[in-house]
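Chain residues, written in single-letter form:
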Amino acid sequence: MAMYTLVGKRAFAEGCFGQTLRTCMARMTALPEGHSHRDFSTQPMKPGQTLSKSHYRLLRCARHMSGRPGGGAMNVFDRAMKRQQKKWAASLHDTDKYDYLRAEIGLRVADRVYDVARSFPLALDVGCGKSYIAEHLSKDIVEKFFLTDICSTSLRQTRPSEMPTHCVQADEEFLPFKDNTFDLVVSSLSMHWVNDLPGALRQIQRVLKPDGVFIGAMVGGETLYELRCSLQLAELEREGGFSPHVSPYTAVTDLGNLLGQAGFNMLTVDIDEIQVHYPGMFEVMRDLQGMGESNCAWTRRPIIHRDTLLAAAAIYKEMYGNEDGTVPATFDILHMIGWKPHESQAKPAQRGSANVSFADLSKIGKGPPGPQQGS
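**Student:** Outline the pattern of salt bridges, listing residues and values.
**Tutor:** Oppositely charged side chains may form a pair once their charged atoms are brought near each other. With the rule as written, the count across this model stands at 16 salt bridges. A salt bridge links Arg79 to Asp171, with the nearest nitrogen and oxygen atoms 2.7 Å apart. Residue Arg79 is located in helix H5 (residues 79-90), and its partner Asp171 is located in the loop between strand E3 (165-169) and strand E4 (182-188); the two are separated by 92 residues in the primary sequence. Here Arg79 matches Asp171 in class, with each residue buried. The residue Lys86 makes a salt bridge to Asp149 at a minimum N-O spacing of 3.0 Å. Within this pair, whereas Lys86 is found in helix H5, its partner Asp149 is found in strand E2 (residues 142-149), the two being separated by 63 residues in sequence. What emerges from the salt-bridge pattern is a single network uniting Asp96, Asp99, Lys130, Glu135 and Arg159.

**Student:** Please give an account of the confidence of the model for the protein chain that cites residues and values.
**Tutor:** Residues with a pLDDT of 70 or more make up 78% of the protein chain, whose mean pLDDT is 80. Contacts for the low-pLDDT stretch residues 1-51, under 50 throughout, to residues beyond four places or in other chains number 69 contacts. Of the regions scoring below 50 in pLDDT, residues 53-71 engages in 41 contacts with residues more than four places distant in sequence or in other chains.

**Student:** Just give me the short version of the environment of Ile215, but keep the residues and values in it.
**Tutor:** With respect to the helices, strands and loops of the structure, Ile215 is situated in strand E5 (residues 208-220). With a relative accessible area of 0%, Ile215 lands in the buried category. The spatial distance from the C-alpha of Ile215 to the C-alpha of Leu184 is 7.8 Å, given a sequence separation of 31 residues. In this structure, Ile215 is in contact with Val109, Arg112, Val113, Val116, Leu184, Val185, Val186, Ser187, Met336 and Ile337, ignoring residues within four places of it in sequence.

Reading the values: rules and limits
Residues numbered from 1 in each chain as written. Predicted model: local features only at pLDDT ≥ 70, side-chain atom pairs only at ≥ 80, totals over all residues. Heavy atoms only, no water. Salt bridge = Lys/Arg side-chain N within 4 Å of Asp/Glu carboxyl O. Helix = DSSP H or I, 4+ residues; strand = E, 2+ residues; numbered from the N terminus. Buried < 20%, exposed > 50% of the residue type's maximum accessible area, 1.4 Å probe, protein only. pLDDT = per-residue confidence, 0-100. Contact = heavy atoms within 4.5 Å.

And the structure:
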């Protein structure tokens with residue numbers, strides 16, 4: 001959560017937008033304690049006064065960043081915009097053309113499910129998309145699968161699987177299930193768009209049965225650093241400043257702490273680096289849009305100048321281009337496994353209870369000393 005706060009405030013602090021936002025936040029902070037944000041933002045307007053969409057979005061951002069009652073968790077992403085992006089991507093006539101990354105990560109998550117030597121009567125996929133995980137699992141491993149996603153269009157395009165599935169349209173931030181319901185919860189490439197990631201992990205831990213397991217994968221680390229650096233350098237050159245065009249991501253060093261704070265134990269966190277090669281920068285951006293992975297941060301700029309885009313494409317190819325003329329796009333995939341505590345699970349021994357010293361490890365495998373010469 002600290003990483004989200006740092007990246008969000010740094011992004012908001014850049015440019016005149018940040019100055020306006022800080023002014024708005026200062027005015028809201030000066031309100032009396034009994035005056036809530038809801039009262040501030042919904043008070044009657046004067047006759048003839050109108051509130052533009054940009055001003056409404058600005059006030060909403062300030063309310064969530066102010067830290068006063070009612071603001072809740074840090075609001076980095078526009079969840080309504082993300083739902084629209086996924087709906088648009090799922091409505092394309094060639095939508096399957098952009099499923100290659102999700103399909104690959106879904107397969108890798110399914111492989112980790114097979115690594116757990118047990119079967120799961122009831123499982124849940126959080127942010128399933130078109131069920132990229134369920135298609136790789138057998139009914140011997142999972143008997144019944146619940147699929148959730150914020151986009152109803154994606155749920156109508158779920159891929160066939162062996163086990164019976166039930167689709168539920170639900171936000172990853174608000175799981176509509178009772179406590180201790182599922183034996184297994186999986187998630188693939190959806191958690192990086194969640195505003196309150198610690199809260200989402202706590203909800204997953206809540207719906208898991210004791211000794212249940214959560215297996216997930218999300219985009220993080222230095223994902224798309226080539227695109228980010230190219231756009232920033234181009235904007236600095238052409239416009240004298242830059243705006244964030246790639247969403248902030250969770251660092252792999254923070255993920256274990258977040259899982260532990262959510263109540264998971266026996267944690268496993270690792271990272272995969274996947275590079276996809278494209279003809280150029282514009283093909284990278286086209287595929288991200290087709291995946292429904294366009295930027296939906298509140299601080300995003302709606303328009304990028306044509307000259308800036310052309311300069312960014314040239315910088316991308318010059319700095320990161322391959323000898324064959326293609327350019328790479330790097331995706332850091334953070335894999336995580338966490339278990340809900342149960343009395344049957346192995347527990348670490350108490351400190352000081354060891355009866356063997358690490359210094360004796362070097363002696364393992366060595367036979368007794370032989371007879372000395374001359375004896």
